[in-house]
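Letter by letter, the chains look like this.
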Amino acid sequence: MVAKNGKLSQLNADPLYNDPQSRIFWQQLNDQVFIVNQGKIYKSEYINGVLKLRFLVHLKNSEIDFGTMSSIYYDKEYNSLYLGTYNQGLCIVKISAFHIPKTEIPLENRIYYTALPFGENSIINTQGRVFDQNTLLNDYHFSEKDNNFSIAYDESGNIIYPKNNKIYRITKSSGFKKTDSVTVDKEVLAIFKEKGIYALQLQRNPPYFLNIYPNDQFKIPEYSLPCLSPINTVRSLDKDNLLIGYNNGLFIFSRSKKTLQQISSLTIKNIVNTPDGNFWIISRGEGFYLLKNNELIKMPYDDNGYISSPHNVLEDKKGFFGFPRTMVCLKC
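As the structure is a prediction and not an experimental result, all values here were calculated from the model.

(A) Main features of the overall build of the protein. The number of helices and strands found in the protein is zero helices and 32 strands. Within the protein, the fraction of its 332 residues that count as buried is 42%. Relative to all contacts within the protein whose residues are 6 or more apart in sequence, the contacts with residues 24 or more apart total 28%. Approximately 19700 Å² of the protein is accessible, and the part contributed by carbon and sulfur atoms is 50%.

(B) Structural context of the environment of serine 265. Secondary-structure assignment places serine 265 in the loop between strand S25 (259-264) and strand S26 (268-273). Serine 265 gets classed as exposed once you look at its relative accessible area, which sits at 60%. Placed 17 residues apart in sequence, serine 265 and asparagine 248 show a C-alpha to C-alpha distance of 5.6 Å. Those residues within four positions of serine 265 in sequence are excluded, and the remaining contacts are Asn248 and Gly249.

(C) Geometry of the sheet that holds strand S5 (residues 40-47). Read from one edge to the other, the open sheet built from four strands follows the order S3-S4-S5-S6, with strand pairing classed as antiparallel. Lying at the two open borders of the sheet, with one neighbouring strand each, are strand S3 (22-27) and strand S6 (50-58). The average angle at which neighbouring strand axes cross in this sheet is 25 degrees, direction not considered. As defined by bridge partners, S5 adjoins S6 across eight bridges and the pair is classed as antiparallel.

(D) The pattern of salt bridges, seen in detail. For the structure on display, the rule yields nine salt bridges. For aspartate 180, the salt bridge is made with arginine 169, and the minimal N-O distance between the two is 3.7 Å. Here aspartate 180, found in strand S17 (residues 179-183), pairs with arginine 169, found in strand S16 (residues 166-170); they are eleven residues apart in sequence, far enough to count as distant. We classify arginine 169 as buried; its relative accessible area is 10%. In this structure, aspartate 185 and lysine 186 form a salt bridge, with 3.4 Å as the shortest nitrogen-oxygen distance. Judged by its relative accessible area of 22%, lysine 186 is partly exposed. The network of salt bridges with common partners includes Asp154, Arg169 and Asp180.

(E) Representation of the side chain of aspartate 216 within the structure. If you trace the backbone, aspartate 216 turns up in the loop between strand S20 (208-213) and strand S21 (223-227). Despite its burial, aspartate 216 pairs with no opposite charge, the nearest such side chain being arginine 169 at 4.5 Å. Only 3.0 Å separates the side chain of aspartate 216 from the backbone nitrogen of glutamate 155, close enough to count as a polar contact. The residues contacting aspartate 216, other than those within four sequence positions of it, are Asp154, Glu155, Ser156, Arg169 and Tyr198.

(F) Representation of the nonpolar core within the structure. One finds Phe34, Ile41, Leu59, Met69, Ile72, Leu81 and Leu83 to be the most contacted residues of the largest nonpolar core, which totals 17 residues. By residue number, the principal contributor to this core is strand S7 (residues 69-75), which donates three residues. For leucine 83, the residues in contact, after removing those within four places along its chain, are Ile41, Leu59, Ile64, Met69, Ser71, Ile72, Gly89, Leu90, Cys91 and Val93. Ranked by size, the runner-up nonpolar core spans 16 residues in total, among them Ala190, Leu210, Leu225 and Ile244.

(G) Region of the structure containing the packing of aromatic side chains. Taken as a whole and assessed by the stated rule, the structure comprises twelve aromatic pairs. Look at tyrosine 42 and phenylalanine 55: their rings are 5.7 Å apart centre to centre, the planes differ by 65 degrees, and that puts the pair in the edge-to-face class. Here tyrosine 42, found in strand S5, pairs with phenylalanine 55, found in strand S6; they are 13 residues apart in sequence, far enough to count as distant. For tyrosine 42, a relative accessible area of 14% corresponds to the buried category. Judged by centre distance (5.5 Å) and plane angle (80 degrees), the rings of tyrosine 198 and phenylalanine 218 are edge-to-face.

(H) Just the pairing of S3, in detail. Across six bridges, the pairing between S3 and strand S4 (residues 32-37) is antiparallel. Residue arginine 23 lies in a different strand from S4, and its bridge partner there is valine 36. Joining the antiparallel neighbours S3 and S4 is a turn of four residues, in which aspartate 31 adopts a positive phi near 55 degrees.

(I) View of unusual backbone geometry. Put simply, proline 206 and proline 207 share a cis peptide bond, and its omega is 0 degrees. One non-glycine residue, aspartate 31, lies in the positive phi region at around 55 degrees. The class for aspartate 31 is exposed, based on a relative accessible area of 66%. Unusually for a residue other than glycine, asparagine 294 sits at a positive phi of about 65 degrees. Mapped onto the elements of the fold, asparagine 294 is located in the loop between strand S28 (288-292) and strand S29 (295-298). Taking relative accessible area as the criterion, asparagine 294 reaches 36% and is therefore assigned partly exposed.

What counts, and where the lines are drawn
- Counting restarts for each chain: residues are numbered from 1 in the order of the written sequence.
- With pLDDT at 70 or above as the cut-off, local features in this predicted model cover only qualifying residues; side-chain atom pairs require 80 or more to be listed or tallied, and sums for whole chains, interfaces and linings still use all residues.
- Excluding hydrogens and water, the side-chain values take into account all heavy atoms of the structure.
- Each helix is a run of H or I in the DSSP string that is no shorter than four residues. Each strand is a run of E no shorter than two, and both are numbered from the N terminus.
- The buried label applies to any residue whose accessible area, calculated with a 1.4 Å probe on protein chains only, is under 20% of its type's maximum; exposed applies above 50%, and partly exposed to all values in between.
- Note on contacts: a residue pair is in contact if any heavy atoms of the two residues lie within 4.5 Å.
- Every accessible area reported is derived by Shrake-Rupley at a probe size of 1.4 Å, with residue values counting cover from the shown protein chains alone.
- Should DSSP find at least two bridges between two strands, the strands are taken to pair.
- Helix axes are fitted to C-alpha atoms over the stretch in contact, other axes to C-alpha atoms as well, and angles between N-to-C directions run from 0 to 180 degrees.
- By definition here, a salt bridge exists when the distance from a side-chain nitrogen of Lys or Arg to a carboxyl oxygen of Asp or Glu is within 4 Å.
- Here the positive residues are Lys and Arg and the negative ones are Asp and Glu; neither His nor the chain ends is included.
- Within 3.5 Å is the distance limit for a polar contact, defined as a pair of N or O atoms, with the added protein rule that one can donate a hydrogen and the other accept it, and that residues adjacent in sequence qualify only through two side-chain atoms.
- For our purposes a nonpolar core is just a set of buried Ala, Val, Leu, Ile, Met, Phe, Trp, Tyr and Cys residues, chained together by side-chain atoms within 4.5 Å.
- Classification of ring pairs uses Phe, Tyr and Trp, with its six-membered ring standing for Trp, and accepts pairs whose centres are within 6.5 Å; under 30 degrees between planes counts as stacked, over 60 as edge-to-face, and the remaining range as tilted.

Distances and angles like these do not, on their own, reveal function.
Written out as structure tokens, the structure reads:
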């Protein structure tokens, strides 16, 4: 039962609310309600007339004596739980921001190099699997043999990806169940989409080509740029210029002048455009740089040198940067 404005109403809610093994902690001072059940702590939320439980953390009996726990407070800003106990004092639990979705997918099929946002709180990968932070939500069964490195949305919200010499388009109007394709004259290795501009990396062996298209129809390229080195990333610097990261350097390509200007000879791993308008250049093994006035400003290393070769640069709402790389994620 829920009391609101002096009236009682009955709601359908999670069975944990009535489970005999559940303990309910109601903190009147901070207007928070929690349920603890078999070591799992949930936060109760009443949103738009719906009573929901949000899982926070699973603790073992060896970590805390649940029988002596007297109060709970959740700090949203720092994503931490404060647990008051009778015999252990105050226990602070930092909740991990990383989650491993539960899935029955065989281990050998869990390697994904890229994904797209899919709805408000989920992603879709190159194999057509939709995940939220907890589990596998749906599987559209894209081919297991397709390119695991490249996937994008076109202007109509269809999902496009390359395979051999074709661009496959999984249509949104069919519920992502039907596919058509566009044939290109060479093998397509990657699709880059930047502010309505599409670029295709062609051919597995040199000479490579970067075909630039003004739309998502992939009929006649605006320009076909021969390259001696594989292309790792393409970003739109402004309406005319594209930043292109190769294995043999960073270049600016002018679409109007059809000229290619080299900025650096670094091996470029990624280019990230943060919301403040800055462009961050990530090298392979030689750190990351800020691009200003067509010059690179090198950022200092951390003490352990972890950011010598990060995969990406992610800016949070407070302006802190996160640097994910293999086996570690840094924040500064």
